[in-house]
Amino acid sequence: MFENLLPPLNNHNLPYPDTIHPIVVHFVIAMVLFGVVCDAIAFLTKNTKLYEVGWWNMVFATISIFIAIIFGQVEAGLATPYAAAAADLNLHTLLGWSLSALLAGITGWRYIIRLKNPASIPVSYLSMNAVLTAIVLFQVYLGDKLVWVYGLHTEAVVEAARGGLLK
Amino acid sequence: MSLWSPILAAGANGLPYVVPIHPNLVHLTLGLFIVAIAFDIVAALYPLEKPIFKFLAIPVTTSGLYDVGWFNMVAAAIITFFTVAAGFYEIILAEPSDDVISPWGLGAMDTMVWHGVGGVLLLALIVGMTVWRGFQRYLWREDRARQVDWSYLLAGLFIFVLMFAQGTLGAHLGGDFGVHVTADRLIRDGLDPNDLSASTPFPETSLADASPSEAVTTLPTTEETP
């Protein structure tokens, strides 16, 4: 009954013009990577201003990842993944939810560190940053494959799937 | 065979690597610029937000918020040179579908030209904003509580609008024209993207199964397959 309340799906199989998830993830990818770089530079140069920049970027990334997941689930549900794309889409979904927990945990840890002493962070936190960076980069690679290799939500793939050519 | 053909010898996506680089650098350009402006706005309006941060028990200094506005903007300016460079490389290698018109009524070539011009314009604006921001931070407003002029924040919001248009053109290049999308290239060559080694044509039975109303004019028939 609710499908009648939504706008009709367009030639990208979306109820709105273009995919939104890849836009929201700007604010997860860029903020995590830049926040980690700021923390590393601050640690090496003792420029404590950059710790503050690292912290705020992590806060922004943590808020953004939950919005990214909401749009990601909507667009994954409308993606008509064909056989070759399904495994990577599932892994991207699993890793996305896991990253939200990891990112929220790291930012919470950072909140406590910053409350105690905003001018320093422990090496164990920096190593957690490194783990986070590796997972984010792998997640970006999976998302890239979904868009640029499998072409999910591109016009040609949606047309082929609707025509029954692509299963 | 030109001198460059080994370098340009690309996969099915028309690139000598598996996924395009430009859209990934775009994440950094847009994320860094938008967050830089956002934090300057949050800092400039801090008196209004003070109770919220207090309720959340997050200690805030406006100088820390302005640091985000400054360092994120510097990073956006640096990374965007690479974003534009990668974009032009991948435009040069683009083989867009020339029988498609975008939702904005533009063909592939027009969309690529506008996206290219827009990229250079935005690079100039981002670098200009960074220089403007630097002068405000270190010279003109060094002794002011509010580190940025309102006109700087308004200019940033205006650039958001340009970025939205530029991003939509870029989305058309990938999503509608299929530029550097492996599956789209394969489908337009009559191949099944389930086989990424690009050797399996769509079976004729599948073509027959497609109902005429849903059949797609751009899908080639099997006689075009190698």
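One can find the structure itself at the top, above this paragraph.
Residues numbered from 1 in each chain as written. Chains lettered and ligands numbered in written order. Predicted model: local features only at pLDDT ≥ 70, side-chain atom pairs only at ≥ 80, totals over all residues.

(A) Highlighting the overall build of chain A. In terms of helices and strands, chain A carries six helices and zero strands. Each helix and strand of chain A, ordered N terminal to C terminal, gives the series α-α-α-α-α-α. Principal-axis analysis of the C-alpha atoms gives chain A an extent of 60 × 30 × 20 Å. (Helix = DSSP H or I, 4+ residues; strand = E, 2+ residues; numbered from the N terminus.)

(B) Molecular detail of the overall build of chain B. A tally of regular secondary structure across chain B gives eight helices and zero strands. Ordering the α and β elements of chain B from the N terminus gives α-α-α-α-α-α-α-α. Classification of the 226 residues of chain B by burial places 37% in the buried group. A fraction of 71% describes how many contacts in chain B between residues 6 or more apart in sequence connect residues 24 or more apart. (Buried ≥ 20, exposed ≤ 12 C-beta atoms within 10 Å, placed from the backbone. Contact = placed C-beta atoms within 7 Å.)

(C) View of the interface of chain B and chain A. The interface of chain B with chain A comprises 44 residues on the first partner and 41 residues on the second. Residue assignment for the side of chain B that touches chain A shows that the elements contributing at least two residues are α2 (22-44), α4 (62-92), α6 (150-175), α7 (182-188) and α8 (204-209) of chain B. Among the elements that make up the side of chain B that touches chain A, the one with the highest residue count is α2 of chain B (eight residues). Class assignment for the residues of the side of chain B that touches chain A results in 24 nonpolar, 14 polar and six charged. (Nonpolar A, V, L, I, M, F, W, Y, C, P; charged D, E, K, R; others polar.)

(D) Main features of the environment of Phe-53 of chain B. Tracing the backbone shows Phe-53 of chain B in helix α3 (residues 46-55). Here the alpha-carbon distance between Phe-53 of chain B and Arg-188 of chain B, two residues 135 residues apart in the chain, equals 54 Å.

(E) Representation of α2 of chain B within the structure. Between its first and last C-alpha, α2 of chain B extends 33 Å over 23 residues, near the 33 Å set by a 1.5 Å rise per residue. Of all 23 residues that make up α2 of chain B, 19 are buried, and the element is covered over most of its length. (Expected span 1.5 Å × (residues − 1).)

(F) The arrangement of the packing of helix α2 (residues 26-45) of chain A against helix α3 (residues 49-77) of chain A in detail. Residue and element names in this part refer to chain A. It is the contact of α2 with α3, at a shortest axis distance of 8 Å, that shows an interaxial angle of 160°. It follows that α2 is roughly antiparallel to α3 by the angle criterion. The crossing of α2 and α3 is left-handed. When α2 is examined against α3, the residues Phe-27, Val-28, Met-31, Val-32, Phe-34, Gly-35, Cys-38, Asp-39, Ile-41 and Ala-42 are found in contact with a partner set consisting of Leu-50, Tyr-51, Val-53, Gly-54, Asn-57, Met-58, Phe-60, Ala-61, Ser-64, Ile-65 and Ala-68. Here the residues of the contact of α2 with α3 sort into 16 nonpolar, four polar and one charged. (Axes fitted to C-alpha atoms, helices over the stretch in contact; angles between N-to-C directions. Parallel < 35°, antiparallel > 145°, perpendicular 65-115°, else oblique. Left-handed = near helix turned anticlockwise from the far one by under 90°.)

(G) Up close: the nonpolar core. Judged by nonpolar contacts, the single largest core of 57 residues is most densely connected at Met-31 of chain A together with Leu-32 of chain B. For this core, the secondary structure elements donating two or more residues are α2, α3, α4 (83-116) and α5 (123-149) of chain A together with α2, α4 and α5 (108-140) of chain B. In this view, Met-31 of chain A contacts Asn-57, Met-58, Phe-60, Ala-61 and Ser-64 of chain A together with Gly-31 and Val-35 of chain B; residues no more than four positions away in its chain are not counted. Counting residues in hydrophobic clusters, the runner-up holds 29 residues, among them Val-149 and Tyr-150 of chain A together with Ala-12 and Ala-108 of chain B. (Core = buried A, V, L, I, M, F, W, Y, C linked by C-beta atoms within 7 Å.)

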